[in-house]
Amino acid sequence: MDSTMEVGALSARHRALAVLRVRSRALAVALLPAALAVVLVAARMTGRLAGDPWPVVTLVVCAVAVLVLLTGGIFAAVVLRASPAVTPTVPVSESAAPDLYRMVRDLAERLEVPVPSAIALTPDCDSWLEDRTHAAHVRRGISPAVNDPAAAAPVLVIGSPFLWWMRVGELRAVLAPVVAGTGPSAQPDIAEARRFVRGLDAAVDVGNRRGLGWIARPARLLLRLCRADATEMERGVAAAASERAQSVDYGLRIVAQEQVGLAYAGWDRLLTRVALPAWRMGRWPAHLDAGVVSALTELSRRDRLADGFTSRLGERPACDLLERPGVIDEAASLLAARLFHGGPAEAGPDWSPVDWAAYPEEVVDRKWRTEAARLHAALDALAVPSGGSARTGDPGLPARTGRTGDTGPGTGTGTLAGVADVLAGPTLERVIGYLADRDGSAGEALAGRLGHDVAREERSAGAEAAKARGADAVPLFPLQPPRTGRDLLADHVTAMVCCAAVDSAGAGPGLDWLDGPVLLVGGERRSDLAPRVLSLVEDGDPEPLRDWLAELGVRPEKPVRLV
């Protein structure tokens with residue numbers, strides 16, 4: 001062991017002892033009234049404290065000692081028995097990934113550290129060791145009974161996107177410092193200090209239950225007292241593990257760290273732009289990890305900083321270390337939906353998987369038509385006539401769809417065919433006519449109404465999801481903050497335009513791995529719609545959008561099909 005490694009390990013152990021001293025002082029404080037009571041009783045029995053007021057003082061001190069001991073005993077029992085938080089993961093047995101276990105075991109042997117007791121995957125771009133040896137975890141079946149020393153080692157948690165994007169050598173290099181952390185974790189003082197801190201953290205959670213609120217206060221106090229030492233202890237452990245891992249694939253690790261940053265960027269875009277729209281529609285992409293490869297490949301093609309990264313794809317991917325990568329990918333994708341959206345734990349009629357090939361038709365098209373239906377429901381609530389608005393003239397006639405002098409279909413000539421189209425169903429012209437308002441009042445009213453409707457739907461869906469998730473719910477980490485009314489309005493108008501383009505101009509829904517739902521015209525993506533929609537929504541100027549529609553041959557007066 002070199003000097004740097006020794007310094008890190010020694011620093012971690014010294015900080016662990018400091019954490020344990022906080023525990024010892026808390027125990028001393030709890031025993032102090034009892035010790036004083038013993039002294040007083042002994043003095044009374046030997047006649048050294050005869051007469052008043054010592055009988056009353058002794059009785060009071062004994063009562064306080066009993067109360068403090070009872071309270072301290074309950075608190076200590078809660079800290080010892082409370083179940084520390086466990087990260088929701090997808091367990092991977094050795095039979096499901098023998099090559100992966102063999103690689104990790106080889107790493108541990110080369111690093112001369114204990115082998116992790118198990119491997120699990122998490123739908124995130126991170127890897128760490130997690131202690132699951134608490135008795136509460138054994139009782140709940142989270143981990144096996146720790147009868148042998150090997151089972152007492154921490155669990156290696158690996159980010160699932162790493163397995164699909166990284167090559168085998170890169171994954172090995174990235175995991176080396178993580179696996180090296182099992183060495184300091186086995187040090188008795190460090191392990192005991194970690195258990196104490198995790199027990200306090202679990203006690204704070206127990207303090208949120210009815211009748212046990214008093215437990216949270218001393219637990220928070222003890223956490224505050226040992227927070228600095230616990231933080232420095234973990235830094236020392238990380239420094240020691242990093243130094244030990246330098247003997248394994250150090251040069252490759254520098255290159256692999258670049259892949260970690262790229263994987264995080266692609267994973268974030270895939271979740272927020274691609275997976276989230278599907279989750280909101282009650283569908284969950286069944287192969288997110290496979291999708292991240294397509295997303296990162298597309299990112300490499302667009303971003304000059306990522307040039308050359310796709311050349312690695314000819315090497316063996318780390319997912320080859322799994323026997324059935326598709327099954328693991330599906331389980332990780334379902335867990336991602338639970339963590340980031342609050343979806344149910346199992347698939348069902350209202351929560352079904354969707355393949356990437358079916359995504360455009362089953363998610364994108366349905367999303368557009370659902371938002372278009374919500375947009376027209378908001379217009380109905382605002383009593384907007386079918387022809388656009390009261391400002392456009394006779395509500396029974398189609399509004400003008402072109403500038404003065406325009407001729408041809410859809411130019412507002414008031415024909416019987418146009419009237420029939422308007423009366424048959426919702427039209428894009430109705431939306432454009434209403435929003436063509438230079439003072440912005442129409443857009444504000446519609447945005448407010450949409451925001452109210454979406455918030456009501458999300459509250460209702462959230463209540464149903466919470467009921468479906470039950471008491472065994474995993475923690476929820478929402479991906480995006482609530483959208484503003486203007487953002488919602490722009491999204492809904494865009495959806496209405498896309499529906500009209502699909503129904504009347506032969507366009508189609510598509511999937512972009514980095515941007516999510518897109519409109520395809522002639523098989524090519526049209527990315528020039530957004531500024532024209534914003535011109536209508538924010539400035540009340542419909543002309544850029546009308547020109548765009550005319551170029552594609554979209555008929556805004558033709559009713560669209562809604563969900």
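Structure's up top.
Bear in mind the structure is a predicted one, so any value in this text is a computation, not a measurement.

Attention shifts here to the overall build of the protein chain. Regarding its fold elements, the protein chain presents 19 helices and nine strands. Considering only residue pairs separated by 6 or more positions, the protein chain has 80% of its internal contacts joining residues 24 or more positions apart.

A few words on a nonpolar patch on the surface. A contiguous nonpolar surface patch, about 270 Å² in accessible area, is contributed by Leu 27, Leu 31 and Leu 69. If you trace the backbone, Leu 31 turns up in helix 1 (residues 3–45).

What follows covers the packing of helix 11 (residues 288–302) against helix 12 (residues 325–341). Geometry of a packed helix pair, given as the angle between the helix axes and the separation of the axes. The N-to-C vectors of helix 11 and helix 12 enclose an angle of 90°; their axes lie 7 Å apart at closest approach. For the element pair helix 11 / helix 12, the angle class is roughly perpendicular. Across the interface between the two elements, Leu 288, Asp 289 and Ala 290 of helix 11 pack against Asp 329, Ala 332, Ser 333 and Ala 336 of helix 12. Residue composition of the contact of helix 11 with helix 12, by class: four nonpolar, one polar and two charged.

The next point concerns the pairing of strand 2 (residues 118–122). Counted residue by residue, strand 2 has four buried out of five residues, so it is predominantly covered. Two elements, strand 1 (residues 90–92) and strand 2, share three bridges in a ladder whose sense is antiparallel. In the strand pairing of strand 2, Pro 91 is matched with Ala 120. Both strand 2 and strand 4 (residues 155–159) contribute to a ladder of five bridges, which runs parallel. Bridge assignment links Ala 118 to a residue of strand 4, and that residue is Val 155.

The subject of this paragraph is the nonpolar core. Among soluble globular proteins, nonpolar side chains are generally buried collectively. Leu 171, Trp 279 and Val 493 are the most contacted members of the largest nonpolar core, which totals 110 residues. Within the second largest apolar cluster, 25 residues are counted, among which are Val 78, Val 79, Ala 82 and Ala 193.

Right, let's talk about helix 19 (residues 543–552) for a bit. Three or more residues of helix 19 are buried, namely Leu 545, Arg 546, Trp 548, Leu 549 and Leu 552. Buried residues of helix 19, seen end-on, are gathered within an arc of 160° and therefore sit on one face of the element. For helix 19, exposure combined with an orientation more than 90 degrees from the buried face picks out Ala 550 and Glu 551. Buried residues along helix 19 sit against helix 15 (428–435), helix 17 (485–505), strand 8 (516–521) and helix 18 (530–539). Two residues or fewer past helix 19, Gly 553 is found with a positive phi of approximately 80°.

This part is about the sheet that holds strand 8. Read across the sheet, three strands follow the order 7-8-9 without closing on themselves; strand pairing throughout is antiparallel. Bordering the open sheet on either side are strand 7 (508–512) and strand 9 (524–525), each of which pairs with just one other strand. Taken together, the five bridges between strand 7 and strand 8 define a ladder with antiparallel strand orientation. For Pro 509, the partnering residue across the bridge sits in strand 8 and is Leu 519. Contacting strand 7 and strand 8, helix 10 (residues 250–280) runs over the sheet at an angle of about 90° to strand 8. Contacts from helix 13 (residues 359–381) reach strand 7 and strand 8 within the one sheet, and its direction differs from that of strand 7 by about 110°.

Conventions we followed
Residues numbered from 1 in each chain as written. Predicted model: local features only at pLDDT ≥ 70, side-chain atom pairs only at ≥ 80, totals over all residues. Heavy atoms only, no water. Helix = DSSP H or I, 4+ residues; strand = E, 2+ residues; numbered from the N terminus. Contact = heavy atoms within 4.5 Å. Patch = residues over 30% accessible without salt bridge, like charges linked within 9 Å, V, L, I, M, F, W, Y side chains within 5 Å. Areas by Shrake-Rupley, 256 points an atom, 1.4 Å probe, with all protein chains shown as cover. Salt bridge = Lys/Arg side-chain N within 4 Å of Asp/Glu carboxyl O. Axes fitted to C-alpha atoms, helices over the stretch in contact; angles between N-to-C directions. Parallel < 35°, antiparallel > 145°, perpendicular 65-115°, else oblique. Nonpolar A, V, L, I, M, F, W, Y, C, P; charged D, E, K, R; others polar. Buried < 20%, exposed > 50% of the residue type's maximum accessible area, 1.4 Å probe, protein only. Pairing = 2+ DSSP bridges. Core = buried A, V, L, I, M, F, W, Y, C linked by side-chain atoms within 4.5 Å. Arc of directions from axis to C-beta.

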